[in-house]
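What follows is the residue order along each chain.
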Amino acid sequence: MTCTKCSRLAAFIEENKKKYPSFFNAPVPSFGDNDAQLLIVGLAPGLKGANQTGRPFTKDYAGDLLYPTLIKFGWATGQYKADPNDGLQLKKVMITNAVRCVPPQNKVTPEEIRNCNLLLQEQIKALPHLKIIMALGTVAHSAILMALGYRKSAYKFAHGSVYTLPNGLTLIDSYHCSRYNTNTGVLTQKMFENIFQKIKEHTH
Ligand code: URA
């Protein structure tokens, strides 16, 4: 798939195709189970992570926390080896991003979030058994509300917040499991696992 809606991101991908010809260098598709009860929404692919491997959070630092946590809580089987061919299988969970193309400096613009929002909307609609959407960070949180047509001001982002949305879905917020957040102690493994504990209570 190619997409040229965001000229800045399309140009960055072209630049990276020259610099890193072996990389995926394209919009990174969702990864997971179409029977998902849980949808996890991240920010955007990392340059040498998901943009290299073509699988969300794969080879990104954030994946080193996310995938083992999914295995621990029974949302995935196999082993995570930071490689799209590691055989890891997600069970009843789908992972996607608010923006599917790698952005320069890991920063997306409001316009890029809007441009990519239709794909998020379609991803949500394509999951008939969806119960919970987990927002990893504020960008994901806002993108989810935009995709569902709800006002941001009615649902403030806060780590651990759980919202029952008018359409019956549950929105749960977590700080993003980025290297920055874990290195600075904004998010600890325990805090992240506590969110998955809450998710468990809402799905079983
Ligand atoms: N961080 C994200 O938010 N998403 C990815 O796919 C990789 C890193």
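Given the structure is predicted, the values throughout are model-derived calculations rather than measurements.

Student: Is there a simple way to explain the layout of surface pockets in this structure?
Tutor: Take a probe with the size of a water molecule and roll it over the atoms, and the empty space left behind shows itself. Within this model, the largest pocket holds a volume of roughly 660 Å³. Around the largest pocket, the lining comprises 29 residues; the ones closest to its centre are L43, N106, H176, S178 and R179. Breaking the lining of the largest pocket down by element, the ones donating at least two residues are helix 3 (61-72), helix 5 (138-148) and helix 6 (179-183). For the lining of the largest pocket, the residue count by class is 15 nonpolar, 10 polar and 4 charged. As a volume, the second largest pocket reaches approximately 180 Å³. Taken together, 14 residues line the second largest pocket, and the ones lying closest to its centre are C3, K5, N115, C116 and L119. The element best represented in the lining of the second largest pocket is helix 4 (residues 110-125), accounting for 4 residues. Here the residues of the lining of the second largest pocket are counted per class, giving 11 nonpolar, 1 polar and 2 charged.

Student: Is there a simple way to explain the nonpolar core in this structure?
Tutor: Side chains of nonpolar character tend, in soluble globular proteins, to be buried together. Ranked by size, the top nonpolar core spans 33 residues in total, and within it L39, V41, I124, I133, I144, L165 and L171 carry the most contacts. In terms of residues, this core owes the most to one element, helix 5, which gives 6 residues. In this structure, F31, A62, L88 and I95 belong to the second largest nonpolar core, which totals 27 residues.

Student: For this particular structure, what's the right way to read the site of the ligand?
Tutor: Surveying the vicinity of the ligand reveals the residues G42, L43, A44, P45, G46, A50, P56, F57, D60, N97 and H176. Residue L43 places a main-chain N or O atom 2.7 Å away from an oxygen atom belonging to the ligand. A distance of 2.7 Å separates a nitrogen atom of the ligand from a polar side-chain atom of N97. Relative to its free-state accessible area of 240 Å², the ligand is covered by the protein chains to the extent of 95%.

Student: How should helix 4 be read in this particular structure?
Tutor: Given 3.6 residues per helical turn, the α-helix brings residues three or four places apart onto the same face. Relative to the 22 Å expected for 16 residues at 1.5 Å per residue, helix 4 spans 22 Å between its end C-alpha atoms, a close match to the ideal helical length. C116 marks where helix 4 bends most, by close to 40°.

Student: Sorry if this is basic, but what is going on with the packing of helix 4 against helix 5 here?
Tutor: A pair of packed helices is characterised by two quantities: the angle between their axes and the separation of those axes. Contact geometry of helix 4 with helix 5 gives a least axis separation of 9 Å together with a crossing angle of 70°. By the angle between their axes, helix 4 is roughly perpendicular relative to helix 5. Classified by chirality, the crossing of helix 5 by helix 4 is right-handed. Across from I113, R114, N117, L120, Q121 and I124 in helix 4, the residues of helix 5 making contact are V139, A143, I144, M146, A147 and L148. For the contact of helix 4 with helix 5, a count of residues per class yields 9 nonpolar, 2 polar and 1 charged.

Conventions and cut-offs
- In this convention, every chain numbers its residues from 1, walking through the sequence in written order.
- Reporting in this predicted model follows two pLDDT cut-offs: at least 70 for local features of residues, and 80 or more for side-chain atom pairs to be given and counted; totals over whole chains, interfaces and linings ignore these cut-offs and use all residues.
- With hydrogens and water stripped out, all remaining heavy atoms of the structure feed into the side-chain values.
- Only protein atoms enter the 1 Å grid, on which a cavity is a set of points fitting a 1.4 Å probe that cannot get out and a pocket is an open set with protein on both sides within 12 Å along at least 5 of 7 lines, lining residues being those with an atom within 4 Å of a point.
- Grid points are joined across faces, edges and corners, and a volume is the space filled by probe spheres set on the points.
- Elements are defined by DSSP. Helices are runs of H or I of four residues or more, strands are runs of E of two residues or more, and each kind is numbered from the N terminus.
- Under the grouping applied here, Gly and all other residues not named as nonpolar or charged are polar, the nonpolar ones being Ala, Val, Leu, Ile, Met, Phe, Trp, Tyr, Cys and Pro and the charged ones Asp, Glu, Lys and Arg.
- Note on terminology: a nonpolar core comprises buried Ala, Val, Leu, Ile, Met, Phe, Trp, Tyr and Cys residues joined through side-chain atoms within 4.5 Å.
- Relative accessibility under 20% of the residue-type maximum defines a buried residue, over 50% an exposed one, and the middle range a partly exposed one, all with a 1.4 Å probe and only protein chains included.
- Whether a residue is near a molecule or strand depends on its heavy atoms: it is near if one of them lies within 4 Å of it.
- Polar contacts, as used here, are pairs of N or O atoms within 3.5 Å; protein pairs need one atom able to donate a hydrogen and one able to accept it. Residues neighboring in sequence count only if both atoms are side-chain atoms.
- Only the protein chains shown count as covering a residue, and every accessible area follows the Shrake-Rupley method with a 1.4 Å probe.
- Residue count minus one, scaled by 1.5 Å, sets the expected span of a helix.
- The term bend refers to the angle at a residue between two fitted axes, each drawn through seven residues, those ending there and those starting there.
- Axis definition: a line fitted to C-alpha atoms, limited for helices to the stretch in contact. Angles are taken between N-to-C directions and run from 0 to 180 degrees.
- Any angle between 65 and 115 degrees counts as roughly perpendicular, while under 35 counts as roughly parallel, over 145 as roughly antiparallel, and the rest as oblique.
- In this scheme the handedness of a crossing depends on how the near helix is turned from the far one: anticlockwise by less than a right angle means left-handed, clockwise means right-handed.
- The contact criterion used is simple: two residues touch if any of their non-hydrogen atoms lie within 4.5 Å.

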